[in-house]
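Spelled out, the chains give:
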Amino acid sequence: MDSTGTESSAGTGAEKDRAAASLTKATPAPARDPAPATAEAPDIQSHDTFVIRKTLSLTAGEYVVSVARPDGSEGEPVAYAREKRLSLRGQVTVYTDASRKSVLAAFKGRDHEVGYMYDVRDASGQSFGSFYEDAGASFLRRTWQVRQPGTMKLTGRERSRVVAFVRFVWEFVPYLEYVPFIWPYRFKYTESGKPLMTVTKKLGLHTRYVLEILAPDIDRRLAIAHTLALDALEVD
């Protein structure tokens, strides 16, 4: 060490550096919380088969729409609807889940030259499709016309003439006309003879439908809304 104390000053600086390094290791920076995952609505347009299950209470009927698994069981829920049994029929809102905060689609009947026309609208009120029962063709087998503007016009008809006849007689039996038809049935939807969609009511203790879509361009919201209407409008 010289008389100016240079070595001592250098030693003091080194000790400060070591102390700073030690402090940094002893108090690591706090870890950041991971960014919250964004909950996205299921992409229903990418699915072709859905299961619609209905449960009843004293005041309402509730529908849960799920993506069908390969074995036909219910998978991920993608839509929910609740129909008040004492309310005016012909108006149903379909939500993305049971919280009923986000509207997927809604349909409501209106007077039309064909009888009742049901317009299907999105959350903003914009119409993207419609459907109505073809009264003339429905005399022997119930027939529906489903319209998706600019894309396709589907004709849906009961496949079984026997079941259609039983349904026809059922409606004229006293008091049974107010009871939903319990026997399973199937509707086949075609355009120019080409099958594009089917709706099958399953036999069981609970009301259950299977919706199968064979054309990628069919709006799944329209198909789901129409399937719900087949049940909701069954007893008028």
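Structure shown above.
**Student:** Explanation requested: the overall build of the protein in the structure shown.
**Tutor:** Of the regular secondary structure elements, the protein holds 3 helices and 12 strands. Partitioning the contacts of the protein with sequence separation of at least 6, the portion at a separation of at least 24 is 37%. As displayed, the protein offers around 14,700 Å² of accessible surface, 55% of which is attributable to carbon and sulfur atoms.

**Student:** How do you make sense of the pattern of salt bridges when you look at a structure like this?
**Tutor:** When the charged atoms of two side chains with opposite charge come close together, those side chains can pair. For the structure shown, the criterion picks out 7 salt bridges. Two residues, Arg220 and Asp48, come together in a salt bridge whose shortest N-O distance is 2.7 Å. On the criterion of sequence distance, the pair formed by Arg220 in helix H3 (residues 220-232) and Asp48 in the loop between helix H1 (6-26) and strand E1 (49-56) is long-range, its members being 172 residues apart. Residue Asp48 is classed as partly exposed on the basis of its relative accessible area of 40%. For Glu74, the salt bridge is made with Arg53, and the minimal N-O distance between the two is 3.0 Å. Taken as a pair, Glu74 in strand E3 (residues 74-84) and Arg53 in strand E1 lie far apart in primary sequence, 21 residues in all. Residue classification places Glu74 among the partly exposed residues on the basis of a relative accessible area of 23%. The class for Arg53 is partly exposed, based on a relative accessible area of 28%.

**Student:** Just checking my understanding: could you explain unusual backbone geometry for this structure?
**Tutor:** Generally, phi is negative for residues other than glycine and the peptide bonds are trans, each holding for most cases. Here Arg100, not a glycine, exhibits a phi torsion of approximately 55 degrees, which is positive. Looking at where Arg100 falls in the secondary structure, it is placed in the loop between strand E4 (91-95) and strand E5 (103-112). What makes Arg100 partly exposed here is its relative accessible area of 43%. Positive phi values are uncommon outside glycine, yet Ser192 reaches one of about 55 degrees. Tracing the backbone shows Ser192 in the loop between strand E10 (186-191) and strand E11 (194-201). Taking the relative accessible area as the measure of exposure, Ser192 reaches 80% and is therefore exposed.

**Student:** Where do I start with the nonpolar core in this structure?
**Tutor:** Proteins that are soluble and globular tend to have nonpolar side chains buried together. Phe50, Phe131, Leu211 and Ile218 are the most contacted members of the largest nonpolar core, which has 42 residues in total. Per-element tally for this core: the top contributor is H3, with 8 residues. If sequence neighbours within four positions are ignored, Ile218 has contacts with Gln45, Gln148, Met152, Leu154, Leu196, Met197, Ile213 and Ala223.

**Student:** For this particular structure, what's the right way to read H3?
**Tutor:** Since one α-helical turn is 3.6 residues long, residues separated by three or four positions face the same way. The first and last C-alpha atoms of H3 sit 18 Å apart over 13 residues, in line with the 18 Å expected at 1.5 Å per residue. Within H3, 12 of the 13 residues are buried, which leaves the element mostly enclosed by the surrounding structure. Three or more residues of H3 are buried, namely Arg220, Leu222, Ala223, Ile224, Ala225, His226, Thr227, Leu228, Ala229, Leu230, Asp231 and Ala232.

**Student:** I tried to follow the packing of aromatic side chains on my own but got confused; where do I start?
**Tutor:** The description of two aromatic rings rests on the distance between their centres and on the angle between their planes. Within this structure, the stated rule accounts for 8 aromatic pairs. With 5.4 Å between their ring centres and 15 degrees between their planes, Tyr118 and Phe131 make a pair best called stacked. Linking Tyr118 in strand E6 (residues 115-121) with Phe131 in strand E7 (residues 127-133), this pair joins segments that are 13 residues apart in sequence. Residue Tyr118 is classed as buried on the basis of its relative accessible area of 10%. For Phe131, a relative accessible area of 0% puts it in the buried group. Ring centres of Tyr185 and Phe187 lie 5.6 Å apart, and the angle between their planes is 85 degrees; this geometry places the pair in the edge-to-face category.

What counts, and where the lines are drawn
- Residues numbered from 1 in each chain as written.
- Predicted model: local features only at pLDDT ≥ 70, side-chain atom pairs only at ≥ 80, totals over all residues.
- Heavy atoms only, no water.
- Helix = DSSP H or I, 4+ residues; strand = E, 2+ residues; numbered from the N terminus.
- Contact = heavy atoms within 4.5 Å.
- Areas by Shrake-Rupley, 256 points an atom, 1.4 Å probe, with all protein chains shown as cover.
- Salt bridge = Lys/Arg side-chain N within 4 Å of Asp/Glu carboxyl O.
- Buried < 20%, exposed > 50% of the residue type's maximum accessible area, 1.4 Å probe, protein only.
- Core = buried A, V, L, I, M, F, W, Y, C linked by side-chain atoms within 4.5 Å.
- Expected span 1.5 Å × (residues − 1).
- Phe/Tyr/Trp six-rings, centres within 6.5 Å; stacked < 30°, edge-to-face > 60°.

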